[in-house]
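Below are the chains, spelled out letter by letter.
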Amino acid sequence: MRDGFITAACGAPKLRLADCDYNAEQTFTMMRAAEQAGVKVLVLPELGLTGYTCGDLFFQDTLLRGAEQALATVLEATRNLEVVTAVGLPLRVHNKLYNCAAVIQRGKILGVVPKTHLPNYGEFYEKRWFAPAPAEAESLPLLGQEFVTFGAGQVFRCENIPELTLGFEICEDLWSPDSPSLRMARDGAVIIGNLSASNDVVGKDAYRRQLVTTQSAKLLCGYVYASSGEGESTSDVVFGAHQLIAENGALLAQRRFEGGLLVSEIDIQRMAYERRRTQVLGAGSGNDGCEETFTLTEGKTKLTRYVSPMPFVPEGREDRDGRCREILLIASLGLKQRLEHTGAKTAVVGLSGGLDSTLAVLITGLAMKMLDRPMTDIIAVTMPCFGTTDRTRNNACVLAEKLGTALKTVDITASVRSHFRDIGQDAEDHDVTYENAQARERTQVLMDIANQTGGLVIGTGDLSELALGWCTYNGDHMSMYAVNASIPKTLVRHLVAHLARDNAGKDEALHDVLEDILDTPVSPELLPAVQGEICQRTEDLVGPYELHDFFLYYMLRWGFSPAKIYRLALYALEKRYSREVILKWLRVFYRRFFSQQFKRNCLPDGPKVGSVALSPRGDWRMPSDAQWAMWKAELERMG
């Protein structure tokens, strides 16, 4: 499927206990509905052709023959459907009875998977009726097919979509420490289906959800879980048709106490990338002879799954606040250790009145508190020049005062003008030299003050700026410890907002200045102000950071192509940005990302706080002269 998205579904047809004809009709009706919905992989409940709660009726030949005939009926009714479906039924093999999943497509049985782990506790006594899966797989005739593989741990590979391999297990198999899904994942299964009949008691749904999401994370796979519902016996327990679809630890969709289909899309390219990157699954299990193949019609998968417009920022307030607390703790612990190790007497921070320097000084303050040192050991330096506005200067001064730091103002205007005269730069020519000379002068001032006071210069640049190279080489690009280096701009804003809320009601003046800083346009303030207002807005020049952070996340974290990132950006952000705007800034992102690697290759130390970072020492190793020709060509084809 295009971009690696495979539409998968779990279903809970209404059934009648021991009425195999009725159950067969409900099964093929649901398969047809799934086909119409574009589903490629469908998982149905455990023993769905008979019902799970038939009890000692499983000993009756009539029921067992009825189950086989029901499967034959389903095969005949769905011979034109390409959806790969796992159907549950009891099956006799060598005069033993097995709880099985028949994997079918286009009227053919691709394989039969028996349940490995049988429960024998509480209300579940499967060992009374069924035998566990045999140790070795075998081939047997079934319903007119001469050879059908029968055995646990089988995988089913798609011939024309190399990344797509399926595996199936049954209910208790997931609960067991040696789940067959581990073996299947090692053999390449990226989507694993579970046919289940799990009853509902208070709290069990949360446990099932945890199991499914954890298994998908551990095995780097999509996991599709279908449990039985209406029609099962309620003599002692109730079955709530719990349906779950997870991918690499994230729950894509779930439903409970409802029948019908639950549909979502599993990104198998994403799983393939993560398996290549981590190599945690190791070699296959040597599952010779337990592999069947199938084909699917390729096409564009319609997306229904949720894609966050800000992937670095948790959605819910509680989750977001928790993330903010954790990031602040990690960053401040890193700085605490560096200050202790170096014996630094001070921490020197250039305070501009903007978001990044605000976050840097706040993190530095937290580190000083951990060290039980006075806030006056922080030297906050304001360095006004041509573009500094009263608003940002005043905010910087108020912030330093409210935090209790030592405040030093160094007006660099005269120094920069002198430098212009030294190098023959026209002060009226507002080119890149005009701007960068100010940035480098500020860094020199900070470094020298650090020397004077026996301190360290604390960097303020963030992850988004590093990705775009939006920093002056050997200017704000350089420091002695860069506390913001792995924090993207969208998250910087939320961290400052979090700290502003923390001070509401405690220190209103500090709260108010943080709120005003949040409301200030992002700007390096290197060009002269116009009527006292900021005229240089970063996002007008390099594009919205909301877009660039989205691009950065999917490029670095998942290795997606420009076309796939563009598709996801359209899906997640089309209400905020037009197609033309998204494509324009995506081109800018790739051009700048490739051309600015030389700045990232000599970054100062800084704490990693998330899964995406650009440190050349561990997270992103890329030659500075890497060409972006192939990425550029793909972008040009899109436009």
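Here's a quick rundown of the structure.

A separate point is the overall build of the chain. Along the backbone of the chain there are 20 helices and 22 strands. Across its three principal axes, the chain shows a C-alpha extent of roughly 100 × 50 × 40 Å. Sorting the 639 residues of the chain into buried and exposed places 58% on the buried side. A separation of at least 24 residues holds for 74% of the contacts in the chain among residues at least 6 apart in sequence. As displayed, the chain offers around 26600 Å² of accessible surface, 48% of which is attributable to carbon and sulfur atoms. If the 69 positive side-chain charges of the chain are averaged to one point and the 80 negative ones to another, these points end up 1 Å apart.

Further remarks concern the packing of aromatic side chains. All chains considered together, the criterion is met by 20 aromatic pairs. Summarising the aromatic geometry, the rings of F593 and F594 are spaced 6.3 Å apart at their centres and angled 75° between planes, so their arrangement reads as edge-to-face. Pair check on accessibility: F593 and F594 agree, each one buried. Both rings, one in F593 and one in W620, keep their centres 5.7 Å apart while their planes meet at 65°; by these two values the pair is edge-to-face. Here F593, found in helix α18 (residues 579-595), pairs with W620, found in the loop between α19 (597-600) and α20 (629-638); they are 27 residues apart in sequence, far enough to count as distant. Each member of the aromatic cluster is reached from another via a ring pair, and the members are F551, F589, Y590, F593, F594, W620 and W631. Stacked on the ring of W558, the Lys or Arg R270 has its end atom at 3.9 Å from the ring centre.

When you line up the elements, Q425 lands in the loop between α10 (413-423) and α11 (432-453). Looking at Q425, its side chain comes within polar contact range of the main-chain oxygen of D429, at 3.3 Å. Excluding its chain neighbours within four sequence positions, the residues that come into contact with Q425 are F420, D431, T433 and Y434.

For the rest of this paragraph, the subject is helix α2 (residues 61-77). With 17 residues, α2 extends 24 Å between its outermost C-alpha atoms, agreeing within 8% with the 24 Å of an ideal straight helix rising 1.5 Å per residue. Taken as a whole, α2 has its buried residues at L63, L64, G66, A67, A70, L71, V74 and L75. Elements that come into contact with the buried residues of α2 comprise α1 (20-36), β3 (84-93), β4 (96-105) and β5 (108-114).

The next subject is the pairing of strand β21 (residues 455-459). Where a strand is regular, its side chains alternate between the two sheet faces. Among the 5 residues in β21, 5 count as buried, and that is most of the element. Looking at chain direction, β21 and strand β22 (residues 481-482) are connected through 2 bridges and run parallel. The residue bridging G459 from the neighbouring strand is A482, located in β22.

Before going further, it helps to examine the state of the cysteines. Under the criterion given, the structure shown has 0 disulfides. With no disulfide of its own, C171 lies 14 Å from the sulfur of C10, the closest cysteine sulfur. Residue C602 stays outside any disulfide, its sulfur separated by 9.2 Å from that of C471, the closest cysteine. Note on C602: relative accessible area 29%, which makes it partly exposed.

Okay, the sheet that holds β21 next. As summarised here, the arrangement of the 5 strands in space is β20-β19-β18-β21-β22, forming an open sheet in which the pairing is parallel. A strand with exactly one partner marks an edge of an open sheet, and here the two such strands are β20 (406-409) and β22. Where strand β19 (residues 378-382) meets β20, 4 bridges bridge the pair, whose relative direction is parallel. Across the sheet, the residue bridging to I379 is A406, located in β20. The strands touched by helix α7 (residues 317-342) within the sheet are β18 (346-350), β21 and β22, with β21 carrying the most contacts at an inclination of about 155°.

Despite not being glycine, L47 has its phi angle at roughly 55°, a positive value. Within the secondary structure, L47 is located in the loop between β2 (41-43) and α2.

Before going further, it helps to spend a moment on the sheet that holds strand β10 (residues 155-158). Across the sheet, which stays open at both edges, the 7 strands sit in the order β15-β14-β13-β12-β11-β10-β17 with mixed pairing between neighbours. Where the open sheet ends on each side, the last strands, each with one partner, are β15 (250-255) and β17 (291-294). Across this sheet, the average inter-strand angle for adjacent strands is 20°, counted without regard to direction. In this structure, strand β13 (residues 222-227) lies alongside strand β14 (residues 243-247), joined through 5 bridges in antiparallel fashion.

A separate point is the environment of R637. Within the secondary structure layout, R637 lies in helix α20. Sequence separation between R637 and A563 is 74 residues; the distance between their C-alpha atoms is 9.2 Å.

Before going further, it helps to spend a moment on the pairing of strand β11 (residues 165-170). Of all 6 residues in β11, 6 are buried; the element is thus mostly enclosed. Side chains T165, G167 and E169 of β11 all project onto a buried face; the interleaved residues L166, F168 and I170 project onto the opposite face, where all are buried too. Here β10 runs beside β11; their pairing, made up of 3 bridges, is antiparallel. Within β11, the residue paired with R157 across the bridge is T165. Count of turn residues in the β10/β11 antiparallel hairpin: 6 residues. Sheet topology places β11 next to strand β12 (residues 191-196); 5 bridges connect them, and they run parallel. Paired with L166 across the strands is I191, a residue of β12.

What follows is about the nonpolar core. With 92 residues, the main nonpolar core has F551 and F593 as its most contacted residues. Beyond its immediate chain neighbours, meaning those up to four positions away, F593 contacts A467, L552, M555, L556, R600, L614, W620 and M622. In terms of nonpolar packing, the next biggest core, distinct from the first, is built from 46 residues, F28, M30, V87 and I104 among them.

Where helix α16 (residues 545-557) contacts α18, the axes come no closer than 10 Å and their chain directions differ by 60°. Between α16 and α18, the angle is such that the two are oblique. Considering the relative orientation of α16 and α18, their crossing is right-handed. Along its contact with α16, which presents L547, H548, F551, L552, M555 and L556, the element α18 presents V581, I582, W585, L586, V588, F589, Y590, F593 and F594.

Counted by the stated rule, this structure contains 36 salt bridges. Here K489 ties to D356 by a salt bridge, and the two come within 2.8 Å at their closest N and O atoms. Pair noted here: K489 is in helix α13 (residues 489-503) and D356 is in helix α8 (residues 355-370), with a separation of 133 residues, a long-range link. Grouping residues by exposure puts K489 and D356 together as buried. Residues D377 and R373 are paired through a salt bridge, measuring 3.0 Å at the closest nitrogen-oxygen approach.

Basis of the calculations
Starting afresh in each chain, residues are numbered from 1 along the sequence in its written order. Whole-chain, interface and lining totals are the exception, using all residues; otherwise, since this is a predicted model, local features are given only for residues with pLDDT of at least 70 and side-chain atom pairs are given and counted only at 80 or more. No hydrogens and no water enter the side-chain calculation; it runs on all heavy atoms of the structure. The numbering of helices and of strands both runs from the N terminus, where a helix is a DSSP run of H or I of at least 4 residues and a strand a run of E of at least 2. For each residue, the accessible area found with a 1.4 Å probe, counting protein chains only, is set against the maximum for its type, and the residue is called buried under 20%, exposed over 50%, and partly exposed in between. For this analysis, residues touch if any pair of their heavy atoms sits within 4.5 Å. In this description, accessible areas are obtained by the Shrake-Rupley approach with a 1.4 Å probe, and a residue is regarded as covered only by the protein chains that are shown. A positive count includes Lys and Arg, and a negative count includes Asp and Glu. His and the chain ends are not counted in either. Charged groups are reduced to one reference atom each: NZ for lysine, CZ for arginine, CG for aspartic acid, CD for glutamic acid. Think of it this way: a Phe, Tyr or Trp ring, Trp meaning its six-membered ring, pairs with another when their centres are within 6.5 Å, and the plane angle makes it stacked under 30 degrees, edge-to-face over 60, tilted otherwise. The rule for a charge over a ring is simple: NZ of Lys or CZ of Arg within 6 Å of the ring centre, and within 35 degrees of the ring normal. As used in this structure description, the phrase polar contact means that two N or O atoms lie within 3.5 Å; if the pair is within protein, one of them must be able to donate a hydrogen and the other to accept it, and residues adjacent in sequence are counted only when both atoms belong to side chains. Here the expected length of a helix is defined as 1.5 Å per residue gap, with one fewer gap than residues. We treat two strands as partners when DSSP finds at least two bridges between them. Any two cysteine sulfur atoms within 2.5 Å of one another count as a disulfide. Between the N-to-C directions of two axes lies an angle of 0 to 180 degrees, each axis being a line fitted to C-alpha atoms and, for a helix, fitted only over the stretch in contact. Within this scheme, the nonpolar core is defined by two criteria: the residues are buried Ala, Val, Leu, Ile, Met, Phe, Trp, Tyr or Cys, and they are joined through side-chain atoms within 4.5 Å. Any angle from 65 to 115 degrees is called roughly perpendicular, while one under 35 is roughly parallel, one over 145 is roughly antiparallel, and all others are oblique. Handedness of a crossing follows from how the near helix is turned relative to the far one, being left-handed for an anticlockwise turn of less than a right angle and right-handed for a clockwise one. Each salt bridge in this description consists of a side-chain nitrogen of Lys or Arg and a carboxyl oxygen of Asp or Glu lying within 4 Å of one another.

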